[in-house]
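# Tertiary structure, described
Okay, here's what each chain looks like letter by letter:
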Amino acid sequence: MAYNFAEIEPRWQKRWAEEKPYKVKRDSSKKKFYCLEMLPYPSGRIHMGHVRNYSIGDVVSRFLSMKGYNVLHPMGWDAMGMPAENAAIKSGRHPREHTYDHMKMMRAQLQNLGFSYDWDREIASCDPEYYRWNQWMFLKMMEKGLVYRHRRSVNWCPSCRTVLANEQAEGGTCWRCDSDVELKELEQWFVRITDYAEELLNDLDELPLWPENVKAMQRHWIGRSEGSFVEFRLPAVDEGLEVFTTRIDTIFGATFVCLAPNHPLVKKIREVSPEREAIDAFVIKMNRMSREERLASTEKLGQFTGIYAVNPFTKEEIPVYLANFVLMEYGTGAVMSVPAHDQRDFEFAKKYKLPILPVIVPEPGFHYDNELTEAVEATGVLVNSGEFSGLTSDEAKQKMNETAESGGFGRGAVTYKLKDWGISRQRYWGTPIPVIYCDNCGIVPVPEADLPVKLPDDVVFTGEGGSPILTSESFLHTACPKCGGNARRETDTMDTFMDSCWYYYRYLSPRLDTAPFDTEEAAYWTPVDLYIGGVEHATMHLIYTRFFTKLLRDFGLLKIDEPVKKLVTQGMVIKDGRKMSKSLGNVVDPDDMIQKYGADAVRVFMLFASPPEKEIEWKDQGAEGALRFLNRVWNFAENNGEIVKTETEFDTATLAGKEKKLFQKLHQTIAKVGDDIEKRLHLNTAIASLMELFNLLSATEIKEGVLKAVAGAVYRDLVRMLMPFAPHMASELGELYGFDASRWPELKQEFAVADTFTLVVQVNGKIKDKIEAEQGISADEAFRLAAESERVSAELAGRNIVKKIYVPNRLLNLVVK
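Not measured: the values here are computed from a predicted model.

### What about the packing of helix α8 (residues 265-272) against helix α9 (residues 276-287)?
- In the contact formed by α8 and α9, the axes pass within 8 Å of each other and the chain directions differ by 150°. As far as their axial angle goes, α9 and α8 are roughly antiparallel. Contacts between α8 and α9 involve Val266, Ile269, Arg270 and Glu271 from the former and Arg276, Ile279, Asp280 and Val283 from the latter.
- Counted by class, the contact of α8 with α9 contains four nonpolar, no polar and four charged residues.

Below, the structure is given as structure tokens:
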């Protein structure tokens, strides 16, 4: 017979749903473990990437539960966002119906895979009971001055018809639909994440169990720079133009200034400029390009504005240009350009025939004999810099900052590439921003007692004319909470990353209606011990979630600084060497695979084929191989029922021969698999070890007596170790043969150390044989064993041994002539 997964797996799933063995509560007598996988968006079906992610977490959760930990392993839905709204536009169905239908379907798929979730803690971010707390947090941030409304150039997706945060427009395309992103000026709500920039940066050093590449990506995104703010006066418009530079030591070599095309001063400049038409044309051209296109462009594009700026150090006038490489998101949207010491500025100056004046030399007394052919970007000693000439770059930076500050035209400063988080979205399916606009009172926060502000149902989804909320008269018009006069509601909704940056705290008390979560529950369960998800979230979700943890700490709700102890970023599941995609026709449906091979076999292959952080190539043959292994384990019990059922005590101290070898292999495997799961997360090698143990067991000729008792003990513990990987089959075998498969095997450390080792014998550095030898043998004993080997003795025939190199318990190398 074979493992009848089609009958067994649904039966156990039904039983788990009824008995709720994975339901947990706070228990201070137990060591806790919070295992979390990134929650899915319910827009389609579960895919193989989900299966891999959630299988990894399930192995860890089941393993630690078997070892007596109090394991929290929840699941929910990141349920707001544009896909559901776009589907509503196409189908005419409300996004709520679309979302809940997909949640139901995907929940069933997850349950079909046997994951050990505490479903009583399930959340969905589209429930008003959930997004009420998004609104509450917004109001708290308002109270503390951490949110503000501002008109700014933002990333605009013309296809999704909404604003995107910088993190959602990396590469110049929309993270959702891959459309080219444009720049557009809009009034937006922003969160002051920059207030936490330094802490977000510094605390990366407190995350030793996070992947280094993720931390490097966050450091780059936060982008700390030490430099100076300097004001250049613009006499033509009687304004000061502030620039940020990390090289104030080169300011005497600044021969022009460049502005971002959408800098606020451009409107004033064009009013007085003789180059008005050219300015307008350049601005229009730049707005049609995405931020990334402009940065990636090798061509330096500029437009002279017709006005001049005064260098505060030299008092000389220098021309002001608009340039494609200057962005409002970086620094102040204006740069002083020093072509002799910045290659980008050098290329721009050459193209537009602007002066190039060297002011830094490598060492005192050095002179540039010829015209520069490229910028000299290294620091050095100042020349042509007035009273600062002769100083080193570091000395000059300090003194120039002091001069600028005392003169009232500058100061030393630290800036960040990270910008405040724009959270306004011009779509329906998101959290309504709890703000009311009153002609008398201005911007008025919705009273906390009136939360949640619910999404209206009387909306029309056309895909045109901005947010569908604008079509709801019942939502738009309201009374001012302050004066009672006529007012209108904010129609923008929140970025869905507001939903997902704190969801794992809501799991702690998902039905609580007086606070986002219970602080005592948070004190027990947090931080998350293991978080598993894709590396693509490094500069979006994973920065926002760290920020929100610090925010909630400062609100008095948390006592931790960081949300996650250990982060694992799993590799992609590919097929035929390429990412799975409907357009490529290489998508593998998990339901089809479960129907064909069973959930346990799909899980085992997915975990066996590759380490978690590496890509995995899906192959049906791999799932077939996993099922063959499970069938062999199953059939062993069927063929040796009495051995498996009968638990006979035996004296481990008297074990010898085959009995001892088999028992030692068992405990070596218990140690190896335990460490592979708990310490290294090398689940592929854990499964390989289980296969090795079973191969030895099945190859052992089992007779009466002690060997029979040992074989039964080995099999039962093998099944227990299989439980995290193949829970349906392990549960069934335990019940059929009368043993508890839900506890982790007890390790006997004295048997985990082998009596023997494999002696590798080399001749002149080349492997000639591998010999089983006793631990601790001497070099002479090792040579004797090697000499008895036919392969080695044949190699030594007629040759002289010059040297014997012995590495105890590992290797013998014979150097011969």
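Next comes the rest of the account.
### Considering the side chain of serine 125
- Of note, serine 125 is situated in the loop between α4 (95-112) and α5 (128-143).
- Within the structure, the side chain of serine 125 is placed 2.8 Å from the backbone nitrogen of alanine 79, a separation counted as a polar contact.
- In terms of polar contacts, serine 125 uses its side chain to reach the backbone amide nitrogen of methionine 80, at 3.5 Å.
- Setting aside residues up to four positions removed in sequence, serine 125 forms contacts with Trp77, Asp78, Ala79, Met80, Tyr130, Tyr131 and Asp499.

### Brief notes about helix α1 (residues 5-19)
- Along its 15 residues, α1 runs 20 Å from first to last C-alpha, staying within 8% of the 21 Å computed at 1.5 Å per residue.
- On the buried face of α1, the contacting elements are α2 (48-66), α4, α18 (590-597), α19 (599-608), α20 (620-639) and α25 (727-736).
- Two residues or fewer past α1, lysine 20 is found with a positive phi of approximately 50°.

### Description of the sheet that holds strand β24 (residues 573-575)
- Spatially, β25-β24-β26 is the arrangement adopted by the three strands of the open sheet, whose pairing is mixed. A single partner strand is all that each edge strand has here, and the edge strands are β25 (578-579) and β26 (616-617).
- Relative to β26, β24 is paired through two bridges, and the arrangement is parallel. Following the sheet pairing, valine 573 is matched in β26 by isoleucine 616.

### Describing the packing of aromatic side chains
- Counted under the stated rule, the structure contains 46 aromatic pairs.
- Measuring from ring centre to ring centre gives 4.7 Å for tyrosine 524 and tryptophan 525, while their planes differ by 80°; the resulting arrangement is edge-to-face. The exposure classification of tyrosine 524 matches that of tryptophan 525, with both residues buried.
- Their ring planes at 80° and their centres at 6.3 Å tell us that phenylalanine 629 and phenylalanine 694 sit as a pair that is edge-to-face. In this pair, phenylalanine 629 is assigned in helix α20 and phenylalanine 694 in helix α23 (residues 683-699), connecting sequence segments 65 residues apart.
- We classify phenylalanine 629 as buried; its relative accessible area is 5%.
- Overall, the relative accessible area of 2% leaves phenylalanine 694 in the buried class.
- Among the aromatic residues, those joined into a ring-pair cluster are Phe256, Phe304, Tyr308, Tyr321, Phe325, Phe348 and Tyr352.
- It is lysine 184 that lies over the ring of tryptophan 156; its NZ or CZ is 4.0 Å from the centre.

### Topic: the pairing of strand β28 (residues 766-774)
- One ladder, built from eight bridges, connects strand β27 (residues 756-763) with β28; its direction is antiparallel. Following the sheet pairing, leucine 759 is matched in β28 by isoleucine 771.
- Between the antiparallel neighbours β27 and β28 lie two residues, among them asparagine 764 with a positive phi of about 55°.

### Structural notes on the nonpolar core
- Among the nonpolar cores identified, the biggest contains 184 residues, and Trp421, Trp502, Phe548, Trp618 and Phe725 are the most heavily contacted of them.
- Contacts of tryptophan 502, omitting those with residues within four sequence positions, involve Tyr130, Trp133, Asn134, Met137, Pro516, Phe517, Phe548 and Leu552.
- Among the nonpolar cores identified, the runner-up in size contains 39 residues, and Val243, Ile251, Leu322 and Phe409 belong to it.

### Regarding the environment of serine 698
- By the element assignment, serine 698 lies in helix α23.
- Its relative accessible area of 34% is what places serine 698 among the partly exposed residues.
- Residues serine 698 and arginine 149 lie 549 residues apart in sequence; the distance between their C-alpha atoms is 70 Å.
- Ignoring any residue separated from it by four or fewer positions in sequence, one finds serine 698 in contact with Arg632 and Phe636.
- Engagement of the side chain of serine 698 in a polar contact is seen with the side chain of arginine 632, the distance being 3.4 Å.
- Among the polar contacts made by the side chain of serine 698, one reaches the main-chain carbonyl oxygen of asparagine 695 at a distance of 3.2 Å.

Conventions and cut-offs
- Throughout this description, residue numbers start from 1 for each chain and increase along the sequence as written.
- Given that this is a predicted model, residues contribute local features only at a pLDDT of at least 70 and side-chain atom pairs are listed and counted only at 80 or more, while totals for whole chains, interfaces and linings are drawn from all residues.
- Side-chain metrics rest on all non-hydrogen atoms present in the structure, leaving aside hydrogens and water.
- As a rule, the C-alpha atoms of each element are fitted with a line to give its axis, helices using only the stretch in contact, and angles between N-to-C directions run from 0 to 180 degrees.
- By definition, any uninterrupted DSSP run of H or I lasting at least four residues is a helix, any uninterrupted run of E lasting at least two residues is a strand, and each is numbered from the N terminus.
- Here is the rule for angles: anything less than 35 degrees is roughly parallel, anything more than 145 is roughly antiparallel, 65 through 115 is roughly perpendicular, and the remaining ranges are oblique.
- Contacts between residues were defined by any pair of non-hydrogen atoms, one from each residue, lying within 4.5 Å.
- Basically, the charged four are Asp, Glu, Lys and Arg, the nonpolar ten are Ala, Val, Leu, Ile, Met, Phe, Trp, Tyr, Cys and Pro, and anything else, Gly included, counts as polar.
- Nitrogen and oxygen atoms within 3.5 Å of one another constitute a polar contact, given that in protein one can donate a hydrogen and the other can accept it, and given that sequence-neighbouring residues count only through two side-chain atoms.
- By definition here, a helix of n residues has an expected span of 1.5 Å times n minus one.
- Strands pair, by our definition, only if DSSP identifies at least two bridges between them.
- Two aromatic rings, drawn from Phe, Tyr or Trp (for Trp, its six-membered ring), form a pair once their centres lie within 6.5 Å of each other, and the interplanar angle then sorts them: stacked below 30 degrees, edge-to-face above 60, tilted otherwise.
- Three labels apply to residues, based on accessible area from a 1.4 Å probe with only protein chains included: buried if under 20% of the type maximum, exposed if over 50%, partly exposed otherwise in between.
- Placement of a charge over a ring requires the Lys NZ or Arg CZ to be within 6 Å of the ring centre, with the centre-to-atom vector within 35 degrees of the ring normal.
- As used in this record, nonpolar core signifies buried Ala, Val, Leu, Ile, Met, Phe, Trp, Tyr and Cys residues forming a set joined through side-chain atoms within 4.5 Å.

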